Amino acid sequence: MTHPTTTDTANTGNGTADTGTLAKSPTKATRTPTGTAGTATTRPRRTIRPRTLVITAVAWLLAALFLIPYLEMIVTALRPADELRDAGYLPSHFAWSNLIKVWTDSTLGGNLRVTLLVAAGSTLLVLLVALPAAYYTARIKYRGRTLFLLLVLVTQMFQPTSLLVGLYREFFQFGMLNSVWTLIICNAAFNLAFAIWILTAYISSIPVELEEAAQIDGLGRLGALRRVTIPLAMPGIVTALIFTFISAWNEFVMGLRLTTVPESQPLTVGINNFIGNYTVQWNYLFAGSVVAILPVIVLFAFIERQVVSGLTAGSVK
């Protein structure tokens, strides 16, 4: 009779344990989502430091100071002629016809074409000459290499105005005044030194083992240069391109002295023609300035992607 009692007691104990287990399970199931929800709701918020706010405010203030002259240029370009001397910042109405008359009443269209040809031609000529020179200087340790780089640097010290008289007589004797090729040669010559220096530095930083590995795979020296070195040196090439293009685009002194016909003058000289002896056509002057800065902005927007792609291209087969 004792065995049934023990068995019943054991069964009773097991039942109690099962009951306790079942009783505890719903409690754990209800706590899990509650705890998860509590963790999600108590996540700390990101706080902005006062120093960050000050730096951001100063950055926006500096950006506004730099943009205000451009805003004034656009407003003046659209200001009517009878309101140029008014004290108000904004005109009573915008004269959009100024942007049309600046093309029809002047030679600005021809000046823009000349400037595009000069800037593009100078940039292309500089890259065609500077890239082989920089590659040879960076890869070949020839005698007089340091002297060559110093001579290149010395040529950068000469100002175009100091050579203007000699250049004028030279091009006059060759009958090359009022020629686009004259401006292309002059701008390329004065920007060649910087391009050689910057490209030499970039190519020297590229390991020569990459070219050797490409030559082992079957490429020649020119193939390795085209498929390995040039893509890796693209940031330097883009830097030289931008510097040369902007320098040729903004050049004024050479264009003023080496060209006398209005149709053959660059854009900078054409805009200067709106300044007369007794009057200044401010609305046309600033309208031409707006036209002058647009190609440079487009160039920067296009070249920015090429810099990023040049950092990763060329070294991966």
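In this convention, every chain numbers its residues from 1, walking through the sequence in written order. Local features in this predicted model are restricted to residues whose pLDDT is 70 or higher, and side-chain atom pairs enter the listing and the counts only when it is 80 or higher, whereas totals over whole chains, interfaces and linings include all residues. To obtain the side-chain values, all non-hydrogen atoms of the structure were included, while hydrogens and water were left out.

Overview of the overall build of the protein chain
Okay, so step 1: A tally of regular secondary structure across the protein chain gives 13 helices and zero strands.
Okay, so step 2: Type-normalised accessible area, obtained with a 1.4 Å probe on protein chains alone, sets the label of each residue: buried when under 20%, exposed when over 50%, and partly exposed for intermediate values. Per-residue burial over the protein chain gives 32% buried out of 317 residues.
Okay, so step 3: By the convention used here, residues are in contact when the closest approach between their heavy atoms is within 4.5 Å. Look at the contacts in the protein chain between residues 6 or more apart in sequence, and 72% of them connect residues 24 or more apart.
Okay, so step 4: The accessible surface values rely on the Shrake-Rupley method and a 1.4 Å probe; as for residues, cover is taken only from the protein chains in view. Total accessible area computed for the protein chain in this model is approximately 20,800 Å², and 67% of it derives from carbon and sulfur atoms. Strands are runs of DSSP state E lasting at least two residues, helices are runs of H or I lasting at least four, and both sets are numbered from the N terminus onward.

Some remarks on the confidence of the model for the protein chain
Okay, so step 1: Confidence scores here are pLDDT values: one per residue, from the predictor, ranging 0 to 100. Per-residue pLDDT for the protein chain has a mean of 79; in total, 81% of the residues score no lower than 70.
Okay, so step 2: Between the elements of the protein chain, mean pLDDT differs from a low of 45, seen in helix H1 (residues 2-41), to a high of 91, seen in helix H4 (residues 108-139).
Okay, so step 3: Contacts of residues 310-317 to residues separated by more than four positions or lying in other chains number 13 contacts, the stretch itself having pLDDT below 50.

Considerations on the environment of Phe286
Okay, so step 1: Following the sequence through the fold, Phe286 ends up in helix H13 (residues 282-312).
Okay, so step 2: With a relative accessible area of 22%, Phe286 lands in the partly exposed category.
Okay, so step 3: If we ignore the near neighbours within four places in the chain, the residues touching Phe286 are Met73, Thr76 and Ala77.

Description of helix H5 (residues 145-155)
Okay, so step 1: Of the positions making up H5, those classed as buried are Arg145, Leu149 and Val152. When H5 is viewed along its axis, its buried side chains cluster within an angular range of 60° and face the same direction. In H5, those exposed residues whose orientation departs by more than 90 degrees from the buried face are Thr146 and Leu147.
Okay, so step 2: Contact partners of the buried residues in H5: H4 and helix H7 (180-204). The arc refers to the directions leading from the helix axis to the C-beta atoms.

A few points about the packing of H4 against helix H10 (residues 234-249)
Okay, so step 1: Interaxial angles span 0 to 180 degrees and are taken between N-to-C directions of axes, which are lines fitted to C-alpha atoms, for helices over the stretch in contact. Across the interface, H4 lies against H10 with an axial gap of 9 Å and an inter-helix angle of 145°. The two elements H4 and H10 meet at a crossing, and its hand is right-handed. In contact with Leu112, Thr115, Leu116, Val118, Ala119, Ala120, Ser122, Thr123, Val126, Leu127 and Leu131 of H4, H10 contributes Ile237, Ala240, Leu241, Thr244, Phe245, Ala248 and Trp249.
Okay, so step 2: Each residue is assigned to one class: nonpolar for Ala, Val, Leu, Ile, Met, Phe, Trp, Tyr, Cys and Pro, charged for Asp, Glu, Lys and Arg, and polar for all the others, Gly among them. Per-class residue counts for the contact of H4 with H10 are 14 nonpolar, four polar and no charged. For a crossing to be left-handed, the near helix must be turned anticlockwise from the far one by less than a right angle; the clockwise case is right-handed.

A word on the packing of helix H8 (residues 208-216) against helix H9 (residues 221-232)
Okay, so step 1: H9 packs onto H8 with a crossing angle of 140° between their chain directions and a minimal axis gap of 9 Å. One finds that H8 runs oblique with respect to H9. For the crossing formed where H8 meets H9, the hand is right-handed. Residues Leu210, Glu211, Ala214 and Gln215 of H8 form the contact with H9, whose own contacting residues are Arg221, Ala224, Val228, Thr229 and Leu232. Small angles under 35 degrees read as roughly parallel and large ones over 145 as roughly antiparallel, with 65 to 115 read as roughly perpendicular and the rest as oblique.

Here's the deal with the side chain of Glu211
Okay, so step 1: Mapped onto the elements of the fold, Glu211 is located in helix H8.
Okay, so step 2: In this structure Glu211 comes out as buried when scored by relative accessible area, which is 2%.
Okay, so step 3: A distance of 3.1 Å separates a polar atom in the side chain of Glu211 from a polar atom in the side chain of Arg139.
Okay, so step 4: Not counting residues within four places of it along the chain, the set of residues in contact with Glu211 comprises Tyr135, Arg139, Ala224 and Thr229. Think of a polar contact as two N or O atoms within 3.5 Å of one another; within protein, one of them needs to be a possible hydrogen donor and the other a possible acceptor, and neighboring residues in sequence only count if both atoms come from side chains.

Some points on the environment of Ala287
Okay, so step 1: Inspection of the secondary structure assignment puts Ala287 in helix H13.
Okay, so step 2: You can call Ala287 buried: its relative accessible area is 0%.
Okay, so step 3: Spatially, the C-alpha atom of Ala287 lies 7.2 Å from that of Ile74, the residues being 213 residues apart in sequence.
Okay, so step 4: Beyond its immediate stretch of four places on either side in the chain, Ala287 contacts Ala77, Asn98, Leu99 and Val102.

Observations concerning the packing of aromatic side chains
Remark: the centre distance and the inter-plane angle together describe each pair of aromatic rings, the angle taken between the planes.
Okay, so step 1: For Phe, Tyr and Trp, rings pair up if their centres lie within 6.5 Å, where Trp contributes its six-membered ring, and each pair is then called stacked (planes under 30 degrees apart), edge-to-face (over 60) or tilted (otherwise). Summed over the entire model, instances satisfying the criterion amount to seven aromatic pairs.
Okay, so step 2: Summarising the aromatic geometry, the rings of Tyr168 and Phe172 are spaced 6.4 Å apart at their centres and angled 10° between planes, so their arrangement reads as stacked. Taken as a pair, Tyr168 and Phe172 lie in helix H6 (residues 164-173) at a separation of four residues, close to a single helical turn.
Okay, so step 3: Its relative accessible area of 53% is what places Phe172 among the exposed residues.

With respect to the nonpolar core
Okay, so step 1: We call a set of buried residues a nonpolar core when its members are Ala, Val, Leu, Ile, Met, Phe, Trp, Tyr or Cys and they connect through side-chain atoms within 4.5 Å of each other. With 48 residues, the main nonpolar core has Leu199, Ile203, Trp249 and Leu267 as its most contacted residues.
Okay, so step 2: Looking at this core, the elements that each hand over two or more residues are helix H2 (50-77), H4, H7, H9, H10, helix H12 (267-272) and H13.
Okay, so step 3: The element that contributes the greatest number of residues to this core is H4, accounting for 10 residues.
Okay, so step 4: With residues up to four places along the chain from it excluded, the contact list for Leu199 reads Ala130, Leu131, Ala134, Gly236 and Ile237.
Okay, so step 5: With 10 residues, the next largest nonpolar core counts Val118, Leu164, Leu167 and Leu183 among its residues.

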